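Here's the letter readout for the chains.
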Amino acid sequence: MNKPLLAALSSLAIAGVGAAPAVAAPQAKAAAAVTVNFAGTVSLSNCSGSVIRFPNSADTDPALVLTNGHCLETGFPAPGQVITGQSSSRSFGLLNGSGSRVGTLRANQVVYSTMTDTDVTIYRTTTTYAAIKSTYGISPLTVQDTHPTAGTAIKVVSGYWKRTYSCNIDGFVYRLKEGDWTWKDSVRYTSACNTIGGTSGSPVIDTSTGKVVAVNNTGNEDGQRCTENNPCEVDASGNVTVRQGINYAEETYLIPACFTTGNKLDLSAAGCALPKP
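Report follows, based on the coordinates. Computed from a prediction, not measured in an experiment: that's the story for all the values here.

**A look at the packing of aromatic side chains**
Thought 1: Taken as a whole and judged by the stated rule, the model has four aromatic pairs.
Thought 2: Relative to Trp181, the ring of Phe76 has its centre 5.6 Å away and its plane inclined at 75 degrees; by these criteria the two rings are edge-to-face. With a gap of 105 residues between them, Phe76 in the loop between β3 (62-67) and β4 (82-87) and Trp181 in strand β11 (residues 181-189) connect regions that are remote in the sequence.
Thought 3: Accessibility expressed as a relative area gives 36% for Phe76, which makes it partly exposed.
Thought 4: Here the guanidinium or amino end of Arg53 rests over the ring plane of Tyr129, the centre of that ring lying 5.4 Å away.

This is the structure:
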């Protein structure tokens, strides 16, 4: 996993705080239809995240924050474990477009968290989208409710490091296995998105729409096979591929169908395919 800052200091030594991420030159020729910056992203104590809404969310709904399951403050969810409705008082640093912290949001609940099939935690905050907009002038990021497309130009926006990584979706992985966990239909980046520890939970944003299509979560650091911090790809026939230095994300298009009026979680809703407790 892009560790929740077990590797922060070593990442500093390797990458340097101000080091610019490697960006493949070809990305420059595709003009983005929207401006992708830090607005709406958040920094956690050990990870990155973002304030998100769904296509049917209302401005008056309680604001939600998306990050990884492995960023949960109570520890990694076990394989097969799904956590819902767990109380939380976690705080998030809200960033503006330039990456400056302009305020603090606070959670009152872990709405959903798992590391089974996917790697997500969704927090409910004590405020609304309208209140955040009124106070800070910042709007949430919208989660796309359709499957992302290979070749799409993306940015991985880390609120923890105040850094962005630009690349493309290289393809999709039938099963991504890391230690005891297995994720389905994961996003594989092209090599320019060389994410590091602390980027866990960063939104993966389609640069043509500005919508969230995945949440950044891991990469193969040492070339090992299927171990922690060294995920391997497993195809439908069981063949294993190791891609050292390549990083991955978990798709988010399945999430909107599981939330109903008022941003309330309903795992029994029609079309909801997230793992259930």
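Read on, since the account is not over.
**Brief notes about unusual backbone geometry**
Thought 1: One non-glycine residue, Lys162, lies in the positive phi region at around 55 degrees.
Thought 2: With respect to the helices, strands and loops of the structure, Lys162 is situated in the loop between β9 (153-158) and β10 (163-178).
Thought 3: Despite not being glycine, Asp185 has its phi angle at roughly 50 degrees, a positive value.
Thought 4: Mapped onto the elements of the fold, Asp185 is located in strand β11.

**Re the state of the cysteines**
Note on terminology: disulfide describes a covalent bond linking the sulfur atoms of two cysteines.
Thought 1: The final tally for this structure, using the stated rule, is four disulfides.
Thought 2: The residue that forms a disulfide with Cys167 is Cys193, at a sulfur-sulfur distance of 2.1 Å. Disulfide Cys167-Cys193: the torsion about the S-S bond is -100 degrees, which places it as left-handed. Taken together, the residues Cys167 in strand β10 and Cys193 in the loop between β11 and β12 (203-206) connect sequence positions 26 residues apart. Taken individually, Cys167 and Cys193 each receive the classification buried, so the pair is uniform in this respect.
Thought 3: The residue that forms a disulfide with Cys258 is Cys272, at a sulfur-sulfur distance of 2.0 Å. Between Cys258 and Cys272 the sulfur-sulfur dihedral comes to about 100 degrees; the bridge is accordingly right-handed. Taken as a pair, Cys258 in the loop between β16 (247-251) and β17 (259-260) and Cys272 in the segment after β18 (264-265) lie far apart in primary sequence, 14 residues in all. Each member of the pair, Cys258 together with Cys272, is buried.

Parameters and conventions
- Residues numbered from 1 in each chain as written.
- Predicted model: local features only at pLDDT ≥ 70, side-chain atom pairs only at ≥ 80, totals over all residues.
- Heavy atoms only, no water.
- Phe/Tyr/Trp six-rings, centres within 6.5 Å; stacked < 30°, edge-to-face > 60°.
- Helix = DSSP H or I, 4+ residues; strand = E, 2+ residues; numbered from the N terminus.
- Buried < 20%, exposed > 50% of the residue type's maximum accessible area, 1.4 Å probe, protein only.
- Lys NZ or Arg CZ within 6 Å of the ring centre and 35° of its normal.
- Disulfide = S-S within 2.5 Å.

In short, the description is geometric, and any link to function would need to be established separately.
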